[in-house]
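Descriptive analysis of the structure
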Amino acid sequence: MSRHRIAVAAVATAAAAGLAGTLAVLPATAQDSTEDSLTWGACPEDVTGGERMECAAVPVPLDYTDPGGQTIDVMISRLASTDPEARQGAMLLNPGGPGGAGLDQPTGIADLGLPASVTDAYDLIGMDPRGVGHSTPVSCGFTAEQAHRGNVPPYAVDDAAVEAQAALAQGVAEQCAAKDTDGLMPHMTTANTARDIDTIRAALGEEELSFYGASYGSVLGAAYASLFPETSGRVVLDSNVGGTALDYEGQRRWGSGFEPNFAYFAAWAAERDSAYGLGDTPDAVRDTYFDLAERLDAAPVGEYDGALFRFIVFVSLYGEDSFGGAARLWQSLDAGDEAAAYRLFDQLDVPAATGEGTEGTPSPYDNAWSAYLAVTCNDSDWPEDLAVYLEATAADREAHPMFGGAGANITPCAFWANDPVEPQIPITDEGPANVLIVQNALDVATPLAGAEINREAFGDRARLVTVDGFGHGAYVYGTNACALNTTTAFLLGGELPGSDVACAA
């Protein structure tokens, strides 16, 4: 997955629970067969590594309750196995999000170090999920200069900041509703994307389709394995959100996850104090964080206020390869060097608006942000009462002062135009033992609690591989040998470990 993509439990009425039962057994629209029914051709020119793959458009129902109605196209890519004797089937990949485009993921993960034994065993299938990239994209019309800063709500220092964010969030929700003239957004759900995957399986002529997903991809994989336990093949859930939706409680976990991950960065920075000057002990680095954030709250450096600074630190904790750039940015902000701060911001590749650009310039993140909002807002029933966010943000700011004021803050989901069309898909522990959950102990975007939630919900269908490591992404996207070997053995042999696995650093 793109490691910089992120990233309230639904209360179902009896009628809604009945709807879930109905939709869960809907068949794929494509007639199952052993023949590939797709028309393959060249991939779009903007797909990195596309010249090494082939692509095809798969028609899927816009609304699975009306399988004979309107269809939309979902585009997939294929990096085919070149070893017929070793080939075992196909594996679909998802890079996270929601809103992450994935046509380039097969070549991306292969080039990153996916073992040749796995690329021989599987045709790797990439996908731009419905509403994303080349798959009938949705748009809220975000511009480069508007105040919306992306998928992570800004840190709120007090109630007034929550109320100000509520006004912005309401405007974004209304903007998205106004732009959705084709009525696509209500059908942007994790459950529908999981149904698309089974439609793709049938179109590929596969009896089973294996799956690897990271971050939000774990949400999609959990839904896929639960809706289609008998046709899902080997399922790997990496860097787990927990459950089958990124709901309000999942978003709030960012607050608790930030601090142990920051401690890892603080130890790194303290060892390099003579180079960066952020503090000669982890506690001193933590003090510098609070001092700089509070100074930026009072006197921003250009567009860099305390909320944006905290967000940048959050994103920099995705992996140790971002630490050096983040430390330099701290230095620039501490010195009040606005020009240097903007240069370093660009180098960090942080997906956030900073108010730059010509009036009305489309944001390069428009589709990703729009798809993210549509899926997260549709997947669960977010609180609509501002008082809920005021209380939760105050509580989390006290309990987790470094970032709790962000994870609990209000989002456009509180004002979304439509209610969820169905309840959150429950994870089922009934079905084959085909789910391997892989998780770093330290992961700022998807804390360990998410993996533990999935492990308990899947029961004997799953095993948990916990890595004593840091970063977002454990299999291939991380460097732990035990995680690599354990996951590869499962993908090749199909047998789960006899018990949960603890991988040493």
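Figured I'd write up the structure that's included with this text. (Residues numbered from 1 in each chain as written. Predicted model: local features only at pLDDT ≥ 70, side-chain atom pairs only at ≥ 80, totals over all residues. Heavy atoms only, no water.)

**Details of the overall build of the protein**
- Helix and strand content of the protein: 17 helices and 9 strands.
- Whereas a compact globule of 505 residues would reach a radius of gyration of roughly 23 Å, the protein reaches 22 Å, a difference of no more than 12%.
- Across its three principal directions, the C-alpha atoms of the protein cover 65 × 50 × 45 Å.
- For the protein, the accessible surface area stands at approximately 18800 Å², while carbon and sulfur atoms represent 50% of it.
- The distance from the centre of the 23 positive side-chain charges to the centre of the 72 negative ones in the protein is 3 Å. (Helix = DSSP H or I, 4+ residues; strand = E, 2+ residues; numbered from the N terminus. Rg over C-alpha atoms; globule rule 2.2 N^0.38 Å. Areas by Shrake-Rupley, 256 points an atom, 1.4 Å probe, with all protein chains shown as cover. Lys, Arg positive; Asp, Glu negative; His and termini not counted. Charge placed at Lys NZ, Arg CZ, Asp CG, Glu CD.)

**Observations regarding the nonpolar core**
- The biggest cluster of nonpolar side chains holds 116 residues, and the ones touching the most others in it are Phe258, Phe262, Phe265, Tyr304 and Trp330.
- Residue contributions to this core peak at 9 residues, all from helix H7 (residues 248-271).
- Once residues within four sequence positions are removed from consideration, phenylalanine 258 is found in contact with Tyr289, Arg310, Val313, Phe314, Leu317, Met402, Phe403 and Val444.
- Grouped together as the second largest cluster of nonpolar side chains are 31 residues, Val118, Tyr212, Tyr475 and Tyr477 included. (Core = buried A, V, L, I, M, F, W, Y, C linked by side-chain atoms within 4.5 Å. Buried < 20%, exposed > 50% of the residue type's maximum accessible area, 1.4 Å probe, protein only. Contact = heavy atoms within 4.5 Å.)

**Focus on the packing of helix H9 (residues 282-298) against helix H10 (residues 306-316)**
- Close contact between H9 and H10 brings their axes to 7 Å; oriented N to C, the two are set at 145°. Across the interface between the two elements, Tyr289, Leu292, Ala293, Glu294, Leu296 and Asp297 from H9 touch Gly306, Ala307, Phe309, Arg310 and Val313 from H10.
- Residues belonging to the contact of H9 with H10 are distributed by class as follows: 7 nonpolar, 1 polar and 3 charged. (Axes fitted to C-alpha atoms, helices over the stretch in contact; angles between N-to-C directions. Nonpolar A, V, L, I, M, F, W, Y, C, P; charged D, E, K, R; others polar.)

**A few points about the sheet that holds strand E4 (residues 122-127)**
- Strand order across the open sheet formed by 9 strands is E1-E2-E4-E3-E5-E6-E7-E8-E9, with mixed pairing between neighbours. Of all the strands in the sheet, the pair left with one neighbour each is strand E1 (54-61) and strand E9 (501-503). Across this sheet, the average inter-strand angle for adjacent strands is 20°, counted without regard to direction.
- Relative to E4, strand E3 (residues 89-94) runs parallel, the two sharing 4 bridges. Its bridge partner being in E4, glycine 89 is matched across the sheet by tyrosine 122.
- Docked against the sheet, helix H17 (residues 481-493) engages E3, E4, strand E6 (232-240), strand E7 (435-442), strand E8 (462-470) and E9, running at close to 160° with respect to E6. (Pairing = 2+ DSSP bridges.)

**What to know about the pattern of salt bridges**
- Using the criterion set out here, one finds 17 salt bridges in the structure.
- The partner of arginine 286 in a salt bridge is glutamate 259, and the shortest N-O contact between them spans 3.5 Å. Highlighted residues: arginine 286 in helix H9 and glutamate 259 in helix H7, separated in sequence by 27 residues.
- Judged by relative accessible area, arginine 286 falls into the partly exposed class, the value being 29%. (Salt bridge = Lys/Arg side-chain N within 4 Å of Asp/Glu carboxyl O.)

**Focus on the state of the cysteines**
- By the definition in use, this model includes 4 disulfides.
- The partner cysteine of cysteine 43 in its disulfide is cysteine 55, sulfur to sulfur 2.1 Å. Taking the sign of the torsion about the S-S bond as the criterion, the disulfide between cysteine 43 and cysteine 55, at about 95°, is right-handed. Here cysteine 43, found in the loop between helix H1 (14-24) and E1, pairs with cysteine 55, found in strand E1; they are 12 residues apart in sequence, far enough to count as distant. (Disulfide = S-S within 2.5 Å.)

**Quick notes on the packing of H9 against helix H11 (residues 323-335)**
- Contact geometry of H9 with H11 gives a least axis separation of 11 Å together with a crossing angle of 45°. By the angle class used here, H9 and H11 are oblique. When the axes of H9 and H11 are compared, the crossing they make is left-handed. For the pair H9 and H11, contact is made by Val285, Thr288, Tyr289, Leu292, Arg295 and Leu296 and by Trp330, Leu333 and Asp334, respectively. (Parallel < 35°, antiparallel > 145°, perpendicular 65-115°, else oblique. Left-handed = near helix turned anticlockwise from the far one by under 90°.)

**Some points on the side chain of threonine 189**
- With respect to the secondary-structure elements, threonine 189 resides in the loop between helix H4 (159-179) and helix H5 (190-204).
- Apart from residues no more than four positions distant in its own chain, threonine 189 is found in contact with Val375, Asn378, Asp379 and Val421.

**Topic: helix H2 (residues 105-112)**
- Every buried residue belonging to H2 is among Gln105, Pro106, Thr107 and Ile109, and all of these are buried.
- The inward-facing, buried residues of H2 abut strand E2 (71-79), E3, E4 and strand E5 (209-215).
- Two residues or fewer after H2 comes glycine 113, characterised by a positive phi angle close to 130°.

**Some details on unusual backbone geometry**
- Across the junction of glycine 97 and proline 98, the peptide omega takes the value -5°, indicating a cis bond.
- Although it is not a glycine, serine 215 adopts a positive phi angle of roughly 60°.
- Here serine 215 lies in strand E5.
- Its relative accessible area of 0% is what places serine 215 among the buried residues.
- Phi angles above zero are rare outside glycine, and valine 476 is one such case at about 70°.
- With respect to the helices and strands, the residue valine 476 is situated in the loop between E8 and H17.

**Side note on the packing of aromatic side chains**
- Summed over the entire model, instances satisfying the criterion amount to 30 aromatic pairs.
- Each ring, one from phenylalanine 262 and one from phenylalanine 265, has its centre 5.8 Å from the other, and the planes form 55°; the classification is tilted. Here phenylalanine 262 pairs with phenylalanine 265, and both are found in helix H7, just 3 residues apart, close to one helical turn. In this structure, phenylalanine 262 and phenylalanine 265 share a single accessibility class: buried.
- Seen in terms of ring centroids, phenylalanine 265 and phenylalanine 323 are 5.1 Å apart; in terms of plane orientation they differ by 85°. Their pairing is edge-to-face. Of this pair, phenylalanine 265 sits in helix H7 while phenylalanine 323 sits in helix H11, and the two are 58 residues apart along the sequence. For the pair formed by phenylalanine 265 and phenylalanine 323, the shared burial category is buried. (Phe/Tyr/Trp six-rings, centres within 6.5 Å; stacked < 30°, edge-to-face > 60°.)

**Section: the environment of leucine 237**
- Along the chain, leucine 237 falls in strand E6.
- What makes leucine 237 buried here is its relative accessible area of 0%.
- Taking the C-alpha atoms as reference points, leucine 237 and threonine 107, 130 residues apart in sequence, are found 19 Å from one another.
- With residues up to four places along the chain from it excluded, the contact list for leucine 237 reads Gly213, Ser218, Gly221, Ala222, Val435, Leu436, Ile437, Val438, Asn454 and Phe458.

All we've got here are geometric facts, nothing functional implied.
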